[in-house]
Amino acid sequence: MAEEPAEAAPEPVAAEPAAEPEPVEAAAPEPIATPEPVAPPEPPPAVSPARRPLVKRHHWIVRAAHWLNAVLLAGMVMSGLQIYRAFPHFGLRGGPYYANHWDGKPFPRWATLGGWLAGGLNWHFALAWPFVLTGLLYLGYLLFSGEWRSLLFRPRDVPRAMQMQLYYLRLRKEHPPQGKHNALQKAAYSSIVLLGALSVLTGFAVYKPVQLHWLTAAFGGYELARYWHFWAVWIFIAFTLVHVALVFLVDPASLRAMITGWYRGRFPSHD
Amino acid sequence: MTDDRAFSRRDLLRLGLTAGAASLAGACGWQGGPLLPLLRGASRLNDAVGEKVLLGSHRLAPQYPVSARTPERYFPAYSITHPLPELQEPESWALEVGGLVRKPVRLTLEMLQALPRVRYTVKHHCVEGWSAIATWTGVPVSSVAALVEPTAAARYLRFDTFDRGYFNGWDLKSAMHPQTILAYAFNDRPLTAAHGAPLRLYSPIKLGYKLTKYLTKMSFTAERPGGYWEDQGYPWLGGV
């Protein structure tokens, strides 16, 4: 039985925690670590100049989709690792098998869901529905509300992402102005949605390699589709570790924003 | 101000970690407990989508050149009986075809081999995740169905075996697919005991556990038959 979560307490990752809070408009600098009172989810009463503005940041659909997705993704990964136990190789029977650090090594039971192959399959194919529907709900909301504009990484974000990278490398002093998210965040949040889509598509390619033969062929055939499907897991896990670490190291206020919708943090939108 | 706050960041962190740990501790290796009926329900839904939406009655599985065959020593062969199920009197074996049909028959191997013949080199998909390529030869199930004339009430097929109670249920749409055959040859030689001699079901549109070996009987039914693995929780349709 697992004693600790797989998505792990954020280990002291060597992230870039931006040592001092950069001056935010008129707000006087304030130690970041001080816990801030959680105000009722209404516009703030008489804002003292010492306090950052409390702003509505995430619609409830975005928050619901985010947390649902966190649970569903964990379930998809764990049931997937259960399925992997049955044949821990990639390639036609007899090999040669594709390069895989875990070739021939089943994952420990605490990392799996389902108990046996059939259990893993049933979890995987049942959770796939809410996983896809949550993704569609989220994307539908972004499209409908126009919020995709603050999330989608576009060509004009490339120089901004470079400026952001320079800032993180301390080669640039001021935090570049940003909208709801900085350009690097846009890159991360855009590519993770793309990864989600790829994991669903490779999933279908593995699920129905004959009926959806064109899709399976697009990924290089059944064995390769299975291989890419497995790779998506490691990118999801890496993303999650960095994502959670950055929340706590750089912008803890964003956690509250993803729960209550209200944000009072260091990175106000300049939009 | 500090007294009326609902929770601090630290509390949140603690709550998140505890909930995460609790859900994982509950989940590891977990089959589903009280949620099992829900999972079975979802599996039935997936069966329905797989059969009614995704399955094309005439969509053919891709064929491969003989040179693409998996070396036979790498082509696994599973059975319930160990070492292998074998007939006491192979000469007296015949396939019984009956159930909801107008003209039930008993078909010997010679009779089956005299019926229309299909031969293809296709990829085998096992539920475990492996795949392998081989050549199979046999008579289409649809040709046998034409002989016995199923009644309008027939909606499923049940396949029985001499492998310790192993049996399977199939939807008619998959069974009548042109590539679904009663196979008597593997890689151009008569089936060996390991691969289901004297006769097995084969189709590139189903997972391996649907491809019943050691056949004795094929019956048309109105009710959905279960299956050896399916009754233990594996997806019933098993289509690929």
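Residues numbered from 1 in each chain as written. Chains lettered and ligands numbered in written order. Predicted model: local features only at pLDDT ≥ 70, side-chain atom pairs only at ≥ 80, totals over all residues.

Each helix and strand in chain A was counted, giving seven helices and two strands. When the helices and strands of chain A are listed from N to C terminus, the series reads β-α-α-α-α-α-α-α-β. Evaluated residue by residue, chain A yields a buried proportion of 30% over its 271 residues. Partitioning the intrachain contacts of chain A with sequence separation of at least 6 by distance along the chain shows that 64% fall at a separation of at least 24. (Helix = DSSP H or I, 4+ residues; strand = E, 2+ residues; numbered from the N terminus. Buried ≥ 20, exposed ≤ 12 C-beta atoms within 10 Å, placed from the backbone. Contact = placed C-beta atoms within 7 Å.)

Next up on the list: the overall build of chain B. Summing up its helical and strand segments, chain B has five helices and 10 strands in all. Burial statistics for chain B: of 240 residues in total, 37% are counted as buried. For chain B, contacts bridging at least 24 residues in sequence account for 73% of all contacts bridging at least 6.

Right, let's talk about the environment of A:Phe90 for a bit. Residue and element names in this part refer to chain A. Relative to the helices and strands, Phe90 is located in the loop between α1 (60-86) and α2 (117-145). Between the C-alpha atom of Phe90 and that of Trp228, which follows or precedes it by 138 residues, the distance is 9.8 Å. Once residues within four sequence positions are removed from consideration, Phe90 is found in contact with Tyr97, Tyr98, Asn100, Glu223, Arg226, Tyr227 and Phe230.

Next up on the list: the nonpolar core. With 38 residues, the main nonpolar core has B:Leu95, B:Leu112, B:Ile181, B:Leu182, B:Ala183 and B:Leu215 as its most contacted residues. Those elements that place two or more of their residues in this core are β1 (95-99), β4 (131-140), α4 (141-148), β5 (156-161), β6 (167-171), β7 (181-186), β9 (200-202) and β10 (215-221) of chain B. Once residues within four sequence positions are removed from consideration, B:Ala183 is found in contact with B:Trp136, B:Thr137, B:Gly138, B:Leu191, B:Arg200 and B:Tyr202. Counting 27 residues, the second largest nonpolar core, distinct from the first, contains A:Val77, A:Leu121, A:Phe125 and B:Val127. (Core = buried A, V, L, I, M, F, W, Y, C linked by C-beta atoms within 7 Å.)

Residue and element names in this part refer to chain A. For chain A, the assigned domains are domain 1 (56-87 + 109-150) and domain 2 (153-253). On the side of domain 2, nine residues touch domain 1, which itself brings eight residues to the contact. The set of elements that each furnish at least two residues to the side of domain 1 that touches domain 2 consists of α1 and α2. Broken down by element, the residue count for the side of domain 1 that touches domain 2 peaks at four residues, all from α1. Of the residues that constitute the side of domain 1 that touches domain 2, the class distribution is five nonpolar, three polar and no charged. (Domains from an automatic or database assignment. Nonpolar A, V, L, I, M, F, W, Y, C, P; charged D, E, K, R; others polar.)

A word on the sheet that holds β10(B). Residue and element names in this part refer to chain B. The sheet built from five strands is open, its strands ordered β2-β1-β10-β5-β6 with mixed pairing. Pairing within the sheet leaves two strands with one partner each, and these edge strands are β2 (105-107) and β6. Each neighbouring strand pair of the sheet contributes to a mean axis angle of 20°, computed without reference to strand direction. By the bridge criterion, six bridges tie β5 to β10 in an arrangement that is antiparallel. Across the sheet, residue Arg158 finds its bridge partner in β10, namely Ser219. (Pairing = 2+ DSSP bridges. Axes fitted to C-alpha atoms, helices over the stretch in contact; angles between N-to-C directions.)

Residues and elements named next belong to chain B. By the alternation rule, side chains of β1 split into Leu95, Val97 and Gly99, which are all buried, and Glu96 and Gly98, of which none is buried. Pairing between β1 and β2: three bridges, direction antiparallel. Note on β2: the bridge partner recorded for Leu95 is Leu107. Once β1 ends, the chain turns through five residues before running back antiparallel as β2. Across four bridges, the pairing between β1 and β10 is parallel. The partner of Gly98 across the bridge, within β10, is Ser219.

Let us now look at the confidence of the model for chain A. All names here are of chain A. Considering every residue of chain A, the mean pLDDT works out to 84; 81% of them sit at 70 or more. Low pLDDT (under 50) marks residues 1-37, which in the prediction has 53 contacts with non-local residues, meaning those over four places away or in another chain. Considering only residues more than four positions removed or in separate chains, one finds that residues 39-49, a stretch of pLDDT under 50, has 10 contacts. (pLDDT = per-residue confidence, 0-100.)

Another aspect to go through is helix α7 (residues 253-260) of chain A. All names here are of chain A. Here α7 has its buried residues at Ala253, Ser254, Arg256 and Ala257. What you see down the axis of α7 is that its buried residues fit within an arc of 155°, all on one side. For α7, the secondary structure elements touched by its buried residues are α6 (222-249) and β2 (262-263). One or two residues past the end of α7 sits Gly261, with phi positive at roughly 100°. (Arc of directions from axis to C-beta.)

Viewed as axis vectors pointing N to C, α2(A) and helix α2 (residues 36-54) of chain B meet at an angle of 75°, and their least axial separation amounts to 9 Å. In terms of their interaxial angle, α2(A) and α2(B) are classed as roughly perpendicular. Within the contact between the two elements, α2(A) uses A:Asn122, A:Trp123, A:Phe125, A:Ala126 and A:Trp129 and α2(B) uses B:Leu39, B:Ala42, B:Ser43 and B:Asn46. Looking at the contact of α2(A) with α2(B) residue by residue, the classes come out as six nonpolar, three polar and no charged. (Parallel < 35°, antiparallel > 145°, perpendicular 65-115°, else oblique.)

What follows is about the pairing of β5(B). Residue and element names in this part refer to chain B. Examined bridge by bridge, β5 and β6 share five bridges and lie antiparallel to one another. Bridge assignment links Asp160 to a residue of β6, and that residue is Phe167. A loop of five residues connects β5 with β6, the two strands running antiparallel in sequence, and Arg164 in this loop sits at a positive phi of about 45°.

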